[in-house]
Amino acid sequence: MQDIRSSLRKTFQSIQASLPILMGVLLVLSILNPLFKEYYPKIFTGNYLVDPLIGTIAGSFSFGIPIASYVVGGELLKEGVSLLVVTAFIFSWTTVGIPMIFLESAHLGKRFAFMRNALNFFLAILIAMLTTITLRIF
């Protein structure tokens, strides 16, 4: 029973220490996301190599919950943004968290946080390309 209380106390302390950082990140995201969303359709040129890179960068900095990314992705598709870009954007939105990297590195270690984000960044581009190639074949 003592172990459970000790674990609960440590968990509460960890949450309490993370809360100010998390609230600051959420505040910044809530301010910046509408600004970024306004420019997404304007910056894509149709280049098969550059566009997914831009989509991945935008998604990495936007960072959000998956259900919100589907709504944003649908809106981007309506605005004429290619499926390649939207796929890279959604993948990176949900798996790469540049705004949260400091919080993640504080709790899981810098090396882990940077490696996980870098791997997901490059996988977002690769999976977006493979997805659109696969859809063209079928």
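Scroll up to find the structure.
This is a predicted model, so every value here is computed, not measured. (Residues numbered from 1 in each chain as written. Predicted model: local features only at pLDDT ≥ 70, side-chain atom pairs only at ≥ 80, totals over all residues. Heavy atoms only, no water.)

A.B. asks: What is the right way to look at the pattern of salt bridges in this model?
C.D. replies: Side chains carrying opposite charge are able to pair once their charged atoms draw close together. For the structure on display, the rule yields one salt bridge. Across the pair Arg 116 and Glu 104 runs a salt bridge, and its minimum N-O distance is 2.6 Å. Here Arg 116, found in helix 6 (residues 110–137), pairs with Glu 104, found in helix 5 (residues 101–108); they are 12 residues apart in sequence, far enough to count as distant. (Salt bridge = Lys/Arg side-chain N within 4 Å of Asp/Glu carboxyl O. Helix = DSSP H or I, 4+ residues; strand = E, 2+ residues; numbered from the N terminus.)

A.B. asks: Before we go on, may I ask you to explain the packing of helix 2 (residues 50–62) against helix 6 in this structure?
C.D. replies: The axes of two packed helices give the description: the angle between them and the distance between them. Where helix 2 contacts helix 6, the two axes come as close as 9 Å, and the packing angle between them is 135 degrees. Between helix 2 and helix 6, the crossing angle belongs to the class labelled oblique. You can see that helix 2 and helix 6 cross each other, and the crossing is right-handed. Along its contact with helix 2, which presents Pro 52, Leu 53, Thr 56, Ile 57 and Ser 60, the element helix 6 presents Phe 121, Ala 124, Ile 125 and Met 129. The residue makeup of the contact of helix 2 with helix 6, split by class, is seven nonpolar, two polar and no charged. (Axes fitted to C-alpha atoms, helices over the stretch in contact; angles between N-to-C directions. Parallel < 35°, antiparallel > 145°, perpendicular 65-115°, else oblique. Left-handed = near helix turned anticlockwise from the far one by under 90°. Contact = heavy atoms within 4.5 Å. Nonpolar A, V, L, I, M, F, W, Y, C, P; charged D, E, K, R; others polar.)

A.B. asks: Just checking my understanding: could you explain the nonpolar core for this structure?
C.D. replies: Soluble, globular proteins show a tendency: their nonpolar side chains are buried together. Residues Phe 44, Ala 58, Val 72, Leu 76, Val 81, Val 85, Val 86, Phe 89, Ile 90 and Trp 93 constitute the largest nonpolar core, which totals 10 residues. Counting only elements with at least two residues in this core, the list comes to helix 3 (66–78) and helix 4 (83–95). Among the elements that make up this core, the one with the highest residue count is helix 4 (five residues). Each residue touching Phe 44, except ones within four places of it in the same chain, is listed here: Asp 51, Ile 54, Gly 55, Val 81 and Val 85. (Core = buried A, V, L, I, M, F, W, Y, C linked by side-chain atoms within 4.5 Å. Buried < 20%, exposed > 50% of the residue type's maximum accessible area, 1.4 Å probe, protein only.)

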